[in-house]
Amino acid sequence: MLLRGRGIVWVVGVMLVACGIARPAEGSAGRQETDSVDVRDSVLEEVTEMTSGYHGTTCMQKPYHRFVRAPLRVSRFDSSRQKADLIARLLRDLNKPDDTRLLEMTVRNMLLSERHIEAARVLVRDTTTGTLVRLTSTHRSQPHYPPTEDPPKVNTTTEVTGVEYLPWYEDVYNQTWNSSKFQENLSDPVFIGWWTYPYYHCNTKRWLLSYTVPLITDLISGGNTNVNTVPKISDFGMLSLDVDVTSLDINQCDPTYDSDGRIVDPPESQLSYFLGTHKCDKESAKCVFTPGYGWLRGGYKCECREGYFARNKTFNGTLVEVAWASKTQSQNPTYQMLYVCHKCPPDCKDCKSDEPCMAYYNWPFRIALLTISILCILLTLVLMGMVYHYRSVKVFRLASPTFLCICLIGCIIMYLEMAAIFPVLDMYSCVATKWTRHLGFCITFSSLLLKTWRVSLTYRVKSAHKIKLTDKQLLQWLTPMLLIMVIYLSAWSLSATPTTDEIRDSSGLKFLQCEYNWWDHSLAMGEVLFLMWGVKVCFSVRKAESFFDEATYISWAVYNIAVVNIVMVTFHLLIFPNAGPDIKYLFGFLRTQCSTTMTILFIFGPKFYRIAKGTGDQYDNRARAKGVTASFSLNGLGVMNEEPADLYQENEELKEEIQKLAAQMEFMKIVHMEMNNRHLKPKPGGYFSEKNSVMNTAQSPGAKNTMASRIETGNENSSSRLSPAAELASERV
């Protein structure tokens, strides 16, 4: 009989191990709780009191335990449940309730097979009378020196008394199995037993969960609510095991939802029944679960949401719970004063106090600078009208009114940059800033440098053939340059639209600035190379003589823009790298005025000064003295009108040449008539004396030019004066 019993126990042990290895099909992780927050709060308060040691009378009288109606997800204990179900079926099939050895080996092996099983027991009932006749139980002993553990002891008693006070027992002999201490089976619809609600055990001071399986002839699913017949404890009794759930943590934070709007169950190590019972201010703070608190409330921390601040960025959940209780019970203001986050100032996503985190914009100051820029735009438009009005005056006509107007259009576009960077910057402001800055620069200085390049070509020619570059030819060069700039800016705006970056000033205040990337750097390098070429061209024509000194003034404008950009880059990057938005706006204003306004003054100031003096149609005497004619000036800075040839201009040029030739002929006639004339006795040391070198000079190849230049320089030596006729001829030269 003993061998037969051991063999049965061995078979049972093997089947238990097999069940322990096999993983059960995961059932429903739990149900969405429908209890109100107030109900769950009251349950949580009971749990906290029991865990904290405030047992009241619970542990002073029977039943020495206390249930809390907080359903637990039991899927993590499915292996233990399956073993209990298997043993219940084996005991039913073996039909040996009086085999004490078999029952002892069964409960011992069940205890040793799962680490989290704290106790196991089999309660046997007399099948005839229905009285309880035997209780075989074992429990896990607490080790004195971890990790050592004493082997479990199995006790069998035939005097079964007081079981009605045990949490796992329900006396329903020949009655329907229906008790408030058992929760609905949530893990699998083929259960043949029931899980209790969690309860606090006073002897072990632990939170336990029991699984009870009835030992009946007809085992029917305890979780199947569709059957008409429910299990009864009628034949053998019941099998039960306890699992320790003290290590679980209460999660009071808000539930998370999946894409379908369903609640996502937290990990199995957390009690999900209390989700949403935290006391963080829902508007200004969020709950963050903190593990390790066990069956105590307050296992979380409150963190201020984005856009809110508090003296302490996070609050301990335990303190928040105490402050909330004081608020609800006695209207204590501590919760509102210490544990509610305050809204950040406007436009601040992250702040530490109610002080503004965004930089202050001095709008009156910015409006004043913008007003000045607008006035400059209006004055530039007036200048365009005046250029058109005086287009036939030589000082404008020789400087090409078409290119002068193009230059002014570029200046207007550069002035508009102050309007683009005036408001708080956003994507559209940054796009407008890039267009106005770079397109205005390209239009203005391309038109000026092409005119200077025309001068350079004219003075570099070494042949007798006269080079003429008309406005139309220069426009053919200007158009592709502007087209390249427009295509570049368009591609930039569409493919990598400029946006803003958040930066801080010297006081730590934030403001928005247009971002800089490789598009900016590439274009800046191109503009630097273009400006260097312009400086080289201007340097090459520094000694070129022309009417109205147009090349000189353009050179000054190009040198000025180069110096201004170098200085402004130094201010932005080296001297004031952390300047605020108003200082940066001031730098933009100064750069615009020092470059654009000074360019207008250099190019148009001398012209309108001549108009004001009434000398706009008079050539410069120095140019005339060096033989620079209007025709030559046209090849340099001037312009050939796009209409047919100007007869008036050609007549003026012919008149100049004829007058010079007639004066030289008259001068030579008088000189030859007076030289060696015996009727005219020259004064000693006079101009036509024998010692004078005029005759020798006159006979030299460059005699005419030398004589003309000597007369033009105005030699007024009394001993060298000509006769009245010679003086009259020299004046015409």
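Q: Sorry if this is basic, but what is going on with the overall build of the chain here?
A: On a plain count of helices and strands, the chain comes out with 21 helices and 20 strands. Here the chain, with 733 residues, has 46% of them falling under the buried criterion. Looking at the chain alone, contacts between residues at least 24 apart form 69% of all its contacts between residues at least 6 apart. Summed over its atoms, the accessible surface of the chain is roughly 39100 Å², and 57% of this surface lies on carbon and sulfur atoms.

Q: I keep staring at unusual backbone geometry and nothing clicks. Help me out?
A: Where the residue is not glycine, phi is negative for most of them; where a peptide bond is considered, it is trans in most cases. In the Ramachandran plot, Lys 205 falls in the positive-phi region, its phi being about 55° despite a non-glycine side chain. Of note, Lys 205 is situated in the loop between strand S7 (199-201) and strand S8 (206-215). The backbone of Gln 331 shows a phi angle near 55°, a positive value even though the residue is not glycine.

Q: What exactly am I supposed to notice about the packing of aromatic side chains here?
A: Within a pair of aromatic rings, the relevant descriptors are the distance that separates the centres and the angle that separates the planes. Enumeration according to the criterion identifies 26 aromatic pairs in this entry. Consider the rings of Tyr 200 and Trp 207, whose centres lie 5.4 Å apart with planes at 65°: the pair is edge-to-face. Arranged with centres 6.3 Å apart and planes meeting at 75°, the rings of Tyr 488 and Trp 492 form a pair that is edge-to-face. Taken together, the residues Tyr 488 and Trp 492, both in helix H12 (residues 471-495) and four residues apart, mark about one turn of the helix. Tyr 488 sits in the partly exposed class, given a relative accessible area of 22%. Assessed through its relative accessible area of 2%, Trp 492 is described here as buried. A cation over an aromatic ring shows up here: Arg 366 above the ring of Tyr 585, its NZ or CZ 4.4 Å from the ring centre. Lying across the ring of Tyr 516, Lys 434 places its NZ or CZ 4.5 Å from the centre.

Q: What's the story with the state of the cysteines in this structure? I'm lost.
A: Structurally, a disulfide amounts to a covalent bond that connects the sulfur atoms of two cysteines. Taken as a whole and judged by the stated rule, the model has five disulfides. What pairs with Cys 253 in a disulfide is Cys 287, and their sulfur atoms sit 1.9 Å apart. Disulfide Cys 253-Cys 287: torsion about the S-S bond near -60°, hence left-handed. Linking Cys 253 in the loop between strand S10 (249-250) and strand S11 (256-257) with Cys 287 in strand S14 (residues 285-289), this pair joins segments that are 34 residues apart in sequence. Here the two residues Cys 253 and Cys 287 agree in accessibility, since each one is buried. Note that Cys 430 is cross-linked by a disulfide to Cys 514, the S-S spacing being 2.2 Å. Between Cys 430 and Cys 514, the S-S torsion sits near -100°, and that sign places the bridge as left-handed. Placement of the pair is Cys 430 in helix H11 (residues 427-460) and Cys 514 in strand S20 (residues 510-514), with a sequence separation of 84 residues. For the pair formed by Cys 430 and Cys 514, the shared burial category is buried.

Q: Got a minute to help me understand the nonpolar core in this structure?
A: Inside soluble globular proteins, nonpolar side chains tend to come together where they are buried. Grouped together as the largest cluster of nonpolar side chains are 43 residues, with contacts concentrated most on Val 245, Phe 274 and Trp 295. For this core, the secondary-structure elements that each account for two or more residues are helix H2 (37-52), helix H3 (78-94), helix H4 (100-113), strand S2 (117-125), S8 and strand S9 (237-244). Beyond its immediate stretch of four places on either side in the chain, Trp 295 contacts Val 47, Thr 48, Thr 51, Leu 72, Pro 198, Trp 207, Val 245, Thr 246, Leu 248, Ile 250 and Leu 271. Leu 404, Leu 408, Phe 548 and Val 558 belong to the second-largest nonpolar core, a separate cluster that totals 37 residues.

Q: Can you help me understand helix H5 (residues 317-330) in this one?
A: Each α-helix winds once per 3.6 residues, and so residues spaced three or four apart point in a common direction. Between its terminal C-alpha atoms H5 stretches 20 Å, which fits the 20 Å expected from 14 residues at 1.5 Å a residue. Residues Gly 317, Val 320, Glu 321 and Ala 323 constitute the buried set of H5. Turning to H5, the residues buried within the fold contact strand S15 (300-304), strand S17 (314-316) and helix H6 (334-338). With a side-chain oxygen lying 2.8 Å from the backbone nitrogen of Thr 318, the N-terminal cap of H5 falls on Asn 316. Gln 331 occupies a position one or two residues after H5 and carries a positive phi of about 55°.

Q: Which parts of the structure should I look at to understand H2?
A: Helix length check: H2 (16 residues) gives 22 Å between terminal C-alpha atoms against 22 Å at 1.5 Å per residue, within 8%. Every buried residue of H2 is accounted for by Arg 40, Asp 41, Val 43, Leu 44, Val 47, Thr 48 and Met 50. Summarising the contacts, the buried residues of H2 are in contact with strand S1 (65-67), S7, S8 and S10. Following H2 by one or two positions, Gly 53 has its phi on the positive side, about 100°.

Q: Mind showing me how you'd approach the pattern of salt bridges here?
A: Side chains carrying opposite charge are able to pair once their charged atoms draw close together. Across all of its chains, the model carries 19 salt bridges by this definition. The residue Asp 85 makes a salt bridge to Arg 81 at a minimum N-O spacing of 3.2 Å. In this pair, Asp 85 and Arg 81 both sit in helix H3, four residues apart, roughly one turn of the helix. In this structure, Asp 85 and Arg 81 share a single accessibility class: buried. One salt bridge connects Glu 303 with Lys 301, and the closest N-O pair in it is separated by 3.7 Å.

Q: Could you clarify how one ought to interpret the packing of helix H7 (residues 363-389) against helix H15 (residues 581-613) in this entry?
A: Two numbers describe a pair of packed helices, the interaxial angle and the distance between the axes. Contact pair H7 / H15: the axes reach a minimum separation of 11 Å and the direction vectors enclose 20°. If you check the angle between H7 and H15, you find them roughly parallel. In terms of crossing hand, the pair formed by H7 and H15 is left-handed. Along its contact with H7, which presents Phe 365, Arg 366, Leu 369, Leu 370, Ile 372, Ser 373, Cys 376, Thr 380, Leu 383, Met 386 and Val 387, the element H15 presents Pro 581, Asp 582, Tyr 585, Leu 586, Phe 589, Gln 593, Thr 597, Ile 600, Phe 604 and Phe 608.

Q: Please clarify how the environment of Leu 275 should be interpreted in this entry.
A: By the secondary structure assignment, Leu 275 is in the loop between strand S13 (270-271) and S14. Exposure remark for Leu 275: the relative accessible area of 11% places this residue in the buried category. Residues Leu 275 and Val 37, 238 residues apart in the sequence, show an inter-C-alpha distance of 9.0 Å. Not counting the four nearest positions on each side in its chain, Leu 275 is found in contact with Arg 40, Asn 251, Gln 252, Cys 253, Pro 255 and Pro 266.

Q: Looking at this structure, how should I read the sheet that holds S17?
A: Note: strands within a sheet are paired through backbone hydrogen bonds, in either parallel or antiparallel orientation. Strands sit in the order S14-S15-S17 across an open sheet of three strands; the sheet is antiparallel. Across the chains shown, the open sheet's two edge strands, defined by having one partner strand only, are S14 and S17. When the angles between neighbouring strand axes are averaged without regard to direction, this sheet yields 30°. The pairing of S15 with S17 spans three bridges and is antiparallel. Bridged to Glu 303 within S17 is Thr 314. Here H5 sits on the sheet and contacts S15 and S17; the angle it forms with S17, its principal contact strand, is near 75°.

Q: What should I look at first to understand the side chain of Lys 181 in this one?
A: Locating Lys 181 in the fold gives a position in the loop between strand S4 (153-157) and strand S5 (182-183). In this view, Lys 181 contacts Phe 67, Leu 166, Pro 167, Tyr 169, Glu 170, Thr 196 and Tyr 197; residues no more than four positions away in its chain are not counted.

Q: I would appreciate a short explanation of the pairing of strand S3 (residues 132-139) in the present structure.
A: Side-chain positions along a regular strand alternate between the two faces of the sheet. Where S2 and S3 come together, seven bridges link them in antiparallel fashion. Looking across to S3, one finds that Ala 120 is bridged to Thr 138. Adjacent in sequence and paired antiparallel, S2 and S3 are bridged by six residues, among which Gly 130 carries a positive phi angle near 85°.

The rules behind each value
- Residues numbered from 1 in each chain as written.
- Predicted model: local features only at pLDDT ≥ 70, side-chain atom pairs only at ≥ 80, totals over all residues.
- Heavy atoms only, no water.
- Helix = DSSP H or I, 4+ residues; strand = E, 2+ residues; numbered from the N terminus.
- Buried < 20%, exposed > 50% of the residue type's maximum accessible area, 1.4 Å probe, protein only.
- Contact = heavy atoms within 4.5 Å.
- Areas by Shrake-Rupley, 256 points an atom, 1.4 Å probe, with all protein chains shown as cover.
- Phe/Tyr/Trp six-rings, centres within 6.5 Å; stacked < 30°, edge-to-face > 60°.
- Lys NZ or Arg CZ within 6 Å of the ring centre and 35° of its normal.
- Disulfide = S-S within 2.5 Å.
- Core = buried A, V, L, I, M, F, W, Y, C linked by side-chain atoms within 4.5 Å.
- Expected span 1.5 Å × (residues − 1).
- Polar contact = N/O pair within 3.5 Å; in protein donor to acceptor, adjacent residues only side chain to side chain.
- Salt bridge = Lys/Arg side-chain N within 4 Å of Asp/Glu carboxyl O.
- Axes fitted to C-alpha atoms, helices over the stretch in contact; angles between N-to-C directions.
- Parallel < 35°, antiparallel > 145°, perpendicular 65-115°, else oblique.
- Left-handed = near helix turned anticlockwise from the far one by under 90°.
- Pairing = 2+ DSSP bridges.

Function-wise, these values are silent; they only describe arrangement.
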